[in-house]
Amino acid sequence: MIVAGAAVQGTAHLARGQGCQDAFKAVEWDGTAVLAVADGAGGRERSALGAHLAVDAACRILAEGVPGAGDAPEVWTGWIAEAGARIIGDYRRAVEGVLSAVAGPSEPPDPSEPVDAGALAATLAAAVVRPPWVAFLSVGDCFGTVLTRDPGGSGPGGEGRERCHLVLPPPAPGAPETVFLSSPGAALRLRSFVVWEPRLGGVVLATDGCAALTLDHPSVRELPPEAGPLPSERFFCGLAATLRANGGDATPLRALLSGPGAARTGDDLTVLCALTDGR
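The structure contained in this document is the topic of the report that follows. Quick caveat: nothing in here was measured; it's all calculated off a predicted structure.

Calculation notes
- Residues numbered from 1 in each chain as written.
- Predicted model: local features only at pLDDT ≥ 70, side-chain atom pairs only at ≥ 80, totals over all residues.
- Heavy atoms only, no water.
- Buried < 20%, exposed > 50% of the residue type's maximum accessible area, 1.4 Å probe, protein only.
- Helix = DSSP H or I, 4+ residues; strand = E, 2+ residues; numbered from the N terminus.
- Pairing = 2+ DSSP bridges.
- Axes fitted to C-alpha atoms, helices over the stretch in contact; angles between N-to-C directions.
- Contact = heavy atoms within 4.5 Å.

### Here we look at the pairing of strand β3 (residues 32–40)
Then, in step 1: Counting buried positions along β3 yields nine of nine residues, so the element is predominantly enclosed.
Then, in step 2: Here β3 shows two buried faces, one formed by Thr32, Val34, Ala36, Ala38 and Gly40 and the other by Ala33, Leu35, Val37 and Asp39.
Then, in step 3: In this sheet, β3 lies alongside strand β2 (residues 22–29) in antiparallel orientation, the contact comprising eight bridges. Bridge pairing in β3 links Lys25 to Ala36.
Then, in step 4: The loop that links β2 with its antiparallel partner β3 comprises two residues; one of these, Asp30, has a positive phi angle of about 45 degrees.
Then, in step 5: As judged from the eight bridges shared by β3 and strand β4 (residues 122–130), these two strands associate in the antiparallel manner.

As structure tokens, this is what we get:
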């Protein structure tokens, strides 16, 4: 399996003297990968740290007790839902620990007052890739795409054309305010689901700053606006082909996220992927 990722500081953040507030992390073992990307809330004092706490919690918890490839769908759906709730709880405990440490022993937190976890607010998307299964979870506006390979082609494994599918879309325009891991009721807004795909070629996660670069308007394929955004085959399939060819070197990905097409968003851009048929 090839795992590669990159995070690039947005042009608007650079102009304001802000560092990159995105984070990503991956763990891989025995043909299984855990991917996590997080986007720290713009304008929040310590959101970059919040994003790192989020991906750390996701990778640690999602690496525990992963169901087997032959397990039933209900095993997978139950496991990812329970893991998502644990991640939110773990993140909030980590945030409370950070804020208590910042307050110092001379300023002990008042247990009757709620912790202002919003200072470290972050969104999160994570995926566990154990072919033919992918388990997804998200809180907020990050998104995810699955790659598949058509059978009967001329590729080294008999693969045909590669296709991309936006299985975890970003919120629709006009959706309610972004939900963060620290938001009240975040556990109720958690999205979790599983995909069984025997032709699985890869999984790509991205933060919302990447939408303009990686998603097409439905009119590109002569579809009505209500069809919603569509994954750009040029970006996703082209990226997969490049990473397979170079063995997972993320330099071309970083160049894509730093190019003119990406600059118009102004936001930080992060992409993380796992290609299951890379070898």
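### Quick word on the sheet that holds β4
Then, in step 1: Spatially, five strands are ordered β2-β3-β4-β5-β8 in an open sheet, and the strand pairing comes out antiparallel. Each edge of the sheet is formed by a strand with only one pairing partner; in this case those strands are β2 and β8 (191–196). Taking each pair of neighbouring strands and ignoring which way they run, the sheet shows an average axis angle of 10 degrees.
Then, in step 2: Sheet strands in contact with helix α2 (residues 47–62) are β2, β3, β4 and β5 (133–139), and its direction is about 160 degrees off that of β3.

### Considerations on the environment of Val34
Then, in step 1: Tracing the sequence through the fold places Val34 in strand β3.
Then, in step 2: Spatially, the C-alpha atom of Val34 lies 6.8 Å from that of Ala63, the residues being 29 residues apart in sequence.
Then, in step 3: If sequence neighbours within four positions are ignored, Val34 has contacts with Lys25, Ala26, Val27, Trp29, Ala58, Cys59, Leu62, Ala63, Ala127 and Val128.

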